[in-house]
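# Observations on the model geometry
The chain contents come next:
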Amino acid sequence: MEWYIKVVRDNYANFKGRASRQEYWMFVLFNFIFLIALSFIEVFLFGLYSSILSDLYVLALLVPSIAVGVRRMHDTGKSGWFLLIPIYNFILAVTQGESNSNKYGEVPE
């Protein structure tokens with residue numbers, strides 16, 4: 001949970017630097033869990049075809065989601081633009097980051 005809060009609170013729109021695999025995947029996991037929980041709440045409160053809460057949640061976390069993805073690409077030594085290549089960005093997201101400093105910054109904790 002601390003990784004999720006770190007991305008949302010401390011690095012909301014930070015596209016510089018690097019994000020470790022753990023930071024990225026913990027953010028993805030908690031983001032998914034919160035989205036599923038919001039979807040269940042919406043079904044119980046508003047019915048099956050309402051998605052206003054989850055739509056607002058996705059819009060609120062669009063920038064930090066892209067930012068942590070770009071920082072994850074930086075950790076592997078690639079430009080953030082590689083986030084736009086569907087399968088390759090997944091391969092980079094699961095790849096271990098560079099063990100030394102690179103042009104995007106120091107090794108993340």
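For the structure itself, consult the block above.
Residues numbered from 1 in each chain as written. Predicted model: local features only at pLDDT ≥ 70, side-chain atom pairs only at ≥ 80, totals over all residues. Heavy atoms only, no water.

## Some words on the overall build of the protein chain
A count of helical and extended segments in the protein chain gives 5 helices and 0 strands. The helix and strand sequence of the protein chain, counted from the amino end, reads α-α-α-α-α. Oriented by its inertia axes, the alpha-carbon framework of the protein chain measures out at about 50 × 25 × 20 Å. Taking all 109 residues of the protein chain together, 33% fall into the buried category. Here the contacts in the protein chain between residues at least 6 apart in sequence split such that 60% fall between residues at least 24 apart. For the protein chain, the exposed surface amounts to about 6900 Å²; the carbon and sulfur share of it is 69%. One way to put it: in the protein chain the 9 positive side-chain charges average out to a point 7 Å from where the 9 negative ones average out. (Helix = DSSP H or I, 4+ residues; strand = E, 2+ residues; numbered from the N terminus. Buried < 20%, exposed > 50% of the residue type's maximum accessible area, 1.4 Å probe, protein only. Contact = heavy atoms within 4.5 Å. Areas by Shrake-Rupley, 256 points an atom, 1.4 Å probe, with all protein chains shown as cover. Lys, Arg positive; Asp, Glu negative; His and termini not counted. Charge placed at Lys NZ, Arg CZ, Asp CG, Glu CD.)

## So, the packing of aromatic side chains
Taken as a whole and judged by the stated rule, the model has 6 aromatic pairs. When the ring of Trp 25 is compared with that of Phe 90, the centres are 6.1 Å apart and the planes differ by 80°; the resulting orientation is edge-to-face. Here the residue Trp 25 occupies a position in helix H2 (residues 21-46), and Phe 90 occupies one in helix H5 (residues 86-94), the gap between them amounting to 65 residues. Joined through ring pairs, the aromatic side chains of Tyr 4, Phe 27, Phe 30 and Phe 34 make up one cluster. The aromatic ring of Phe 82 is capped on one face by Lys 78, whose charged end is 5.9 Å from the ring centroid. (Phe/Tyr/Trp six-rings, centres within 6.5 Å; stacked < 30°, edge-to-face > 60°. Lys NZ or Arg CZ within 6 Å of the ring centre and 35° of its normal.)

## Some words on the environment of Val 58
Mapped onto the secondary structure, Val 58 falls in helix H3 (residues 52-60). By relative accessible area, Val 58 is classed as partly exposed at 42%. As a C-alpha pair, Val 58 and Asn 31 span 27 residues in sequence and 9.1 Å in three-dimensional space.

No statement about biological role is implied by the geometric values presented.
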